[in-house]
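Structural overview
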Amino acid sequence: MSSQQITRQIGKSGVHASAVGLGTWAIGGWMWGGTDEQASIRAIEASVDAGISLIDTAPAYGLGRSEEIVGKAIKGKRDRVVIATKCGLNWHSGKGNHFFDQDGKPVHRYLGADGITHELEQSLRRLGTDHIDLYITHWQDPTTPIAETMAVLEKLKAAGKIRAIGASNVTTQDLEDYVVAGQIDAIQERYSMIDREIEGSLLPIARRHDIATLSYSSLALGLLSGAIDPAREFNGDDQRKDNPRFSAANRHKVERLKQAIAPIATQHLASMAQIVIAWTLAQPGITFALCGARNAEQAADNARAGEIALDTGELAAIDAAIAAHLTALDA
């Protein structure tokens, strides 16, 4: 790992990982207009070579496709990576609460013991490993008590199949219930310059209980990457195609933000994406920033953000630019 790459601990687990993590939702292809397996493998390899150890995936990303690609990319490199994957979106049993359909298959939110045990074995097979470093409940299941879910997760941890326990897309009550039920080491939630709701809800609870927070959509689905100009078109099942957040007006506002923080980027010889990621990691309570990459160049660019330390003056200037240009974005 790069000597300059920031590493942080996942809660109280004793597991350490790079502060910048690779998110692989897009690599699964679903809702992102498909995937290029070889380009995705190169992106994962480039991330690891650049010092990123944290790789986040999930069975639901392409119905196992993302995990399979990650497994191919990390073969022979398992000791260099910290794998986070998930459970609770089940298309095998029909149990739980119907959530959505993917590729004609109904996907349910289900966190019962039998579902989790089955999903873990499938993830281990796809990833080509005998353990998961951070196992996260992907979406919460209203049909299963959190205490029951935590009981099976702690059993799997005691057996050495998982090293740390996390939860994603939780309410404050969910998180409090997890804390009561056992040792939860991490939450994974949407957070970026334009998605800051958890600052007043989940982050205070997480910080109080030494729970790490992994931000997902740290670049707001690429909107804050600085690479999407107002003329860009999205095709196929790409979720950004009809998303009002990606309106031309919003992209012009992001362009003005880019111009406002350009002097800071220049000072650090950095891209806009790198400055956005570095800002994210500087926010109180944000432990890890997950960033997607579809190719090796994007992966290497994101990784360097973990080497950038913004001072208080720079952070204040960025906050002012956010207030000036991003507060009135279309939803």
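Residues numbered from 1 in each chain as written. Predicted model: local features only at pLDDT ≥ 70, side-chain atom pairs only at ≥ 80, totals over all residues. Heavy atoms only, no water.

1. Re the environment of Phe99
Cut-off, in case you're wondering: The numbering of helices and of strands both runs from the N terminus, where a helix is a DSSP run of H or I of at least 4 residues and a strand a run of E of at least 2. For this analysis, residues touch if any pair of their heavy atoms sits within 4.5 Å.
Structurally, the position occupied by Phe99 is in strand E7 (residues 97–102). Beyond its immediate sequence surroundings of up to four residues, Phe99 is in contact with Leu89, Val107, His108, Arg109 and Trp139.

2. As for unusual backbone geometry
The bulk of non-glycine residues show a negative phi, and the bulk of peptide bonds are trans. Note the cut-off: A 1.4 Å probe rolled over the protein chains alone gives each residue an accessible area, and that area as a share of the maximum for its type sets the label: buried under 20%, exposed over 50%, partly exposed in between.
Of note in the backbone geometry, Ser217 takes a positive phi value of approximately 55° without being a glycine. Position of Ser217 among the secondary structure elements: in the loop between strand E12 (212–216) and helix H7 (248–267). Exposure remark for Ser217: the relative accessible area of 16% places this residue in the buried category. The phi dihedral of Leu221 is positive, around 60°, even though this residue is not glycine. If you trace the backbone, Leu221 turns up in the loop between E12 and H7.

3. Topic: the sheet that holds strand E6 (residues 89–90)
Inclusion rule: For two strands to be treated as a pair, DSSP must find at least two bridges joining them.
The three strands lie next to each other as E6-E8-E7, forming an open sheet whose pairing is antiparallel. Each of the sheet's edge strands pairs with one partner strand only, and the pair in question is E6 and E7. Of the strand pairs in this sheet, E6 and strand E8 (residues 105–109) are connected by two bridges, and their pairing is antiparallel. What sits directly across from Leu89, in E8, is Arg109.

4. Concerning the pairing of strand E9 (residues 134–137)
Applicable threshold: Whether a crossover is right-handed comes down to one check: with the strands pointing away from the viewer, does the path from the first strand over the helix to the second run clockwise; if it does, it is right-handed.
Residue alternation in E9 divides its side chains into two sets, Leu134 and Ile136 and Tyr135 and Thr137, and both sets are buried. Pairing analysis gives three bridges linking E9 to strand E10 (residues 165–168), with the strands arranged parallel. Within E10, the position partnered with Thr137 by the bridge is Ala167. Since E9 and E10 lie parallel, the crossover through helix H4 (residues 146–158) that links them has a hand, and here it is right-handed.

5. Observations concerning the packing of aromatic side chains
Worth spelling out the cut-off: Under the pairing criterion, centres of Phe, Tyr and Trp rings, with the six-membered ring standing for Trp, must be within 6.5 Å; the plane angle then separates stacked pairs below 30 degrees from edge-to-face pairs above 60, leaving the rest tilted. Comment: the charge-over-ring label is applied if NZ (Lys) or CZ (Arg) is within 6 Å of the ring centre and within 35 degrees of the ring normal.
For the structure on display, the rule yields four aromatic pairs. Aromatic pair Trp25 and Tyr61: ring centres 6.1 Å apart, planes at 25°, arrangement stacked. Of this pair, Trp25 sits in the loop between strand E3 (20–23) and helix H1 (37–49) while Tyr61 is found in the loop between strand E4 (54–56) and helix H2 (65–73), placing the two residues 36 residues apart along the sequence. A residue is classified by how much of its surface remains accessible, and Tyr61, at 8% relative accessible area, is buried. The structure contains a cluster of three or more aromatic residues connected by ring pairs, namely Phe99, Phe100 and Trp139. Taking NZ or CZ as reference, Arg109 lies 4.7 Å from the ring centre of Phe99, over its face.

None of this, on its own, says anything about what the molecule does.
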